[in-house]
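Here is how the chains run, residue by residue.
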Amino acid sequence: MKELPAQLNWKPLDGLKLLDRGKVRERYELPDHPELLFFVTSDRVSAHDIILPFTAPLKGTVLNFLDYWWRNQLMDIPHDVVTIGPAIDKYLPSSLRNNGELHRHGRVVKKKTMDPVESIVRGKLTGTGLSQYRHDRTVCGQRLPPGLE
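These numbers were taken from a predicted model, which means no experiment stands behind them.

Participant: How do you make sense of the overall build of the protein when you look at a structure like this?
Facilitator: Looking only at helices and strands, the protein features three helices and nine strands. Whereas a compact globule of 149 residues would reach a radius of gyration of roughly 15 Å, the protein reaches 20 Å, over 25% beyond that. In terms of its C-alpha atoms, the protein occupies a principal-axis envelope of roughly 65 × 45 × 25 Å. Out of the 149 residues belonging to the protein, those deemed buried represent 29%. The long-range share in the protein, meaning contacts at least 24 apart out of those at least 6 apart in sequence, stands at 43%. Both charge centroids of the protein, one from 22 positive and one from 18 negative side chains, sit 4 Å from each other.

Structure representation (structure tokens):
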């Protein structure tokens, strides 16, 4: 039987308290910075809430840096990322500093209160949204242009 990739034989980072582990990311407390958190984005792959038994090399790095880049493109929207790359070292315990993997996969973020909001984006109106639109050209109280299907 083929051995699982190292990222699936996972263990928490020494010196940091693990808060939770999701399909793609771990979230840690930073002991000397209680207003901040440390996130590590992995190369794990998931489908339908199942972590698959392989990784996608560089996936975590690409997600980490692409997300950071987009957040900085939207300059008028404040975001929670404090830093990524080697600059994370100033927030980490000395035992975790100068770690290239963490420089690529890690980020320091401000603690935020999450608003429990979920949205679904679809290319077509359906169900009660379509019925309401046909009635008065609104969906959830928002006026929409004529001619939508």
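Don't stop here, the text continues.
Participant: Would you mind going over the sheet that holds strand β7 (residues 106-110) with me for this structure?
Facilitator: Note: strands within a sheet are paired through backbone hydrogen bonds, in either parallel or antiparallel orientation. Here five strands make up an open sheet; going across it, the order is β1-β2-β3-β7-β6 and the pairing antiparallel. Single-partner strands in this sheet number two, and they are β1 (18-21) and β6 (81-84). Neighbour to neighbour, the strand axes of the sheet diverge by 20° on average, direction disregarded. As paired strands, β6 and β7 are joined by three bridges and run antiparallel to one another. Across the sheet, V81 pairs through a bridge with V109, a residue of β7.

Participant: What is the right way to read the nonpolar core from this model?
Facilitator: In summary, soluble globular proteins display a tendency toward joint burial of nonpolar side chains. In this structure, L13, L16, L30, F38, L92, L102 and V108 are the most contacted members of the largest nonpolar core, which totals 13 residues. The element best represented in this core is strand β3 (residues 36-41), accounting for three residues. One finds F39, V81, I84 and V109 within the second-largest nonpolar core, a separate group that totals five residues.

Rules used in this analysis
Residues numbered from 1 in each chain as written. Predicted model: local features only at pLDDT ≥ 70, side-chain atom pairs only at ≥ 80, totals over all residues. Heavy atoms only, no water. Helix = DSSP H or I, 4+ residues; strand = E, 2+ residues; numbered from the N terminus. Rg over C-alpha atoms; globule rule 2.2 N^0.38 Å. Buried < 20%, exposed > 50% of the residue type's maximum accessible area, 1.4 Å probe, protein only. Contact = heavy atoms within 4.5 Å. Lys, Arg positive; Asp, Glu negative; His and termini not counted. Charge placed at Lys NZ, Arg CZ, Asp CG, Glu CD. Pairing = 2+ DSSP bridges. Axes fitted to C-alpha atoms, helices over the stretch in contact; angles between N-to-C directions. Core = buried A, V, L, I, M, F, W, Y, C linked by side-chain atoms within 4.5 Å.

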